[in-house]
Amino acid sequence: MTMLLLLFIFVLSIFLGLELIGKVPSQLHTPLMSGSNAISGISIVGALAATAIHGTFGTVLGVLAVAFATINVVGGYLVTDRMLAMFKTGKKD
Amino acid sequence: MTTVINLAYIVSAILFIFGLQMLGRVESARRGNMISAVGMLLAIIATLLLGGLDYVWIIVGLVIGGAIGWWAAVAVKMTQMPEMVALFNGSGGLASMLVGWAEYIRDPNPGVVTSIAIFFAVLVGAVAFTGSIIAWAKLAERMAGKPILFKGQQPVNALIVGGALVLGIIFVITPSTAYPLLLVVIVLSLILGVLAVIPIGGADMPIVISLMNSYSGVAALAAGFVIGNNVLIVAGTLVGASGLILTQIMCKAMNRSLTNVLFSGFGSVTTAGTMKVEGEVKPITAEDAYYILEAASSVVFVPGYGMAVAQAQHAVKELADLLEQNGAEVRYVIHPVAGRMPGHMNVLLAEANVPYEQLVEPDDVNPTMEMVDVAVVIGANDVVNPAAREDETSPLYGMPIINVDHARTTFVLKRSMNPGFSGVDNPLFFKPNTRMLFGDAKTSISTLASEFKEAAAAA
């Protein structure tokens, strides 16, 4: 049952994703890519949970996963913000 | 507590959705990114409430990863952005692969669905990891950007995919005894990532990066099924979909199918069109170019990867300002695949303080190109090659281009007469209204700018 529910969420998310991203102007493609890339660092949730595994090797895998996911999350969001801060309008306010 | 955590996951999924939506408009993009970051923070905090976690090691991982990520994001130059995004894609893919692996260590006897999810998380995560590393190496010029092809490449790839799938099926049927098989799948997938990207040439990197972006999302999605977590599934799917859409946009902008990009090794063979290129190349000096620009009332710049290489974006902006002071209307026409990643040129010009209203797409300018006095092509080649329109035998035929050959005058800034990445000759250089301004793009632009300044000082 739970699996079916997850599957249901998955299918709905596909449509949501296609709908959300479909009309992004090309000048935002790079920030969109690095920003969505940061979101893919969400596997950090699984990585954190994995550290609960007992046994040395499981912990090693978990910690490595945490470190790599964090690189993805921190680096991705920061670099996207840096880029978007540069996008300026020519209109005087 | 579990309820609270799950509610927090739902909120963070909503924040991701709003964040992505806001990333689609320039005015709201920066706030959108922050909202999505808040969603991420919330998901992390909620997970830390789970209990039973190894907090000491978590802190170690967070500090190391955070420091590397922060340093990379702050230190990277805007011209190196494609490499950076490739590396981030890779680390996300690797993290998802490790999550799948670790889950198997925790429970070596998972159910069928979980086993399938572990298999996919490991497979896609590993391909995203090594594929991104190769993409990074090509972009950073640590290895040749040329496609690497060898005999029997595709059968070898097919064999690896087939082998991984067979092992995966055995793994799903008997997971508890199949640990060695999972390890073999990991190794095969890592190799597959390398083999999948080496035959793809440097100019096709926008497509590869988009695709790797998509894979890193799909890997997170699979990891979500592994640990039965809805926020991973929502977020991973959103990223997978966005990467796929970008991939599609890039393919369309090159008029190529995804299979063609992935397997053809475009540019490795010079399949020049049979149409004879006629006419002669007419070089121009910076001084003469200045006189033409001085009289122009409408100027478009067409930047390409060469502008990034020459780091000419600031010089271009300076020249554009002088042109505007001189009364000309200035726009920048940006082809979707100009540069080495989607939107690459926009970021570089934004860095140089070009207002985003001046950055336009080919369709905005092409219909009125005849009204443009001067089109200045800076380090772009294939995206302005009229053979894409005129020569049915050209490998570029059918690719949407920027019709700079319809402008009254076209300046092409170029180091030499070498053909573009695709190895296809460019008839644009031989058109009667084309003038070649040879030399380093940054130097040429700066020379033009100083001509304007001298004239202003003399007046």
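Quick caveat: nothing in here was measured; it's all calculated off a predicted structure.

Conventions used here
Residues numbered from 1 in each chain as written. Chains lettered and ligands numbered in written order. Predicted model: local features only at pLDDT ≥ 70, side-chain atom pairs only at ≥ 80, totals over all residues. Helix = DSSP H or I, 4+ residues; strand = E, 2+ residues; numbered from the N terminus. Rg over C-alpha atoms; globule rule 2.2 N^0.38 Å. Buried ≥ 20, exposed ≤ 12 C-beta atoms within 10 Å, placed from the backbone. Contact = placed C-beta atoms within 7 Å. Core = buried A, V, L, I, M, F, W, Y, C linked by C-beta atoms within 7 Å. Pairing = 2+ DSSP bridges. Axes fitted to C-alpha atoms, helices over the stretch in contact; angles between N-to-C directions.

Enquirer: Describe in detail the overall build of chain A, supporting the description with residues and values.
Expert: Of regular secondary structure, chain A possesses four helices and zero strands. The helix and strand sequence of chain A, counted from the amino end, reads α-α-α-α. Against the compact-globule benchmark of 12 Å for 93 residues, chain A has a radius of gyration of 18 Å, which places it well outside the compact range. Oriented by its inertia axes, the alpha-carbon framework of chain A measures out at about 60 × 30 × 20 Å. Here chain A, with 93 residues, has 60% of them falling under the buried criterion. Residue pairs at least 24 apart in sequence account for 60% of intrachain contacts in chain A once pairs closer than 6 positions are excluded.

Enquirer: Could you give me a rundown of the environment of E451 of chain B, with the residues and numbers involved?
Expert: All names here are of chain B. For E451, the location among the structural elements is in helix α17 (residues 441–458). The sequence separation of E451 and A289 amounts to 162 residues, and the corresponding C-alpha distance is 9.8 Å. Beyond its immediate chain neighbours, meaning those up to four positions away, E451 contacts A286, E287 and Y290.

Enquirer: Residues and numbers for the nonpolar core, please.
Expert: If you look at the biggest cluster of nonpolar residues, it comprises 193 residues, and the most contacted ones within it are A65 of chain A together with L98, A121 and V302 of chain B. Those residues in contact with A121 of chain B that lie beyond four places of it in its chain are S96, M97, V99, G100, A219, A222, A223 and V226 of chain B.

Enquirer: Tell me about the sheet that holds strand β4 (residues 374–378) of chain B, and name the residues and values.
Expert: All names here are of chain B. In spatial order, the strands read β3-β2-β1-β4-β5-β6; together these six strands make up an open sheet with parallel pairing. On the outer flanks of this sheet lie β3 (359–360) and β6 (434–438), each paired with one strand and no other. Summarising the sheet, strand β1 (residues 298–303) and strand β2 (residues 329–333) pair through four bridges and their orientation is parallel. Along β2, the bridge assignment pairs V300 with R331. Across the face of the sheet, helix α11 (residues 286–295) comes into contact with β1, β4, β5 (409–414) and β6 while running at roughly 135° to β6.

Enquirer: Any chance you could break down unusual backbone geometry for me, citing the residues and the numbers?
Expert: Residue and element names in this part refer to chain B. Its identity as a non-glycine residue notwithstanding, E141 has a phi of 60°, on the positive side. Mapping E141 onto the fold places it in the loop between α5 (112–139) and α6 (153–173). The backbone phi angle of N255 is positive, close to 55°, even though this residue is not glycine. Following the sequence through the fold, N255 ends up in the loop between α9 (230–254) and α10 (258–263).

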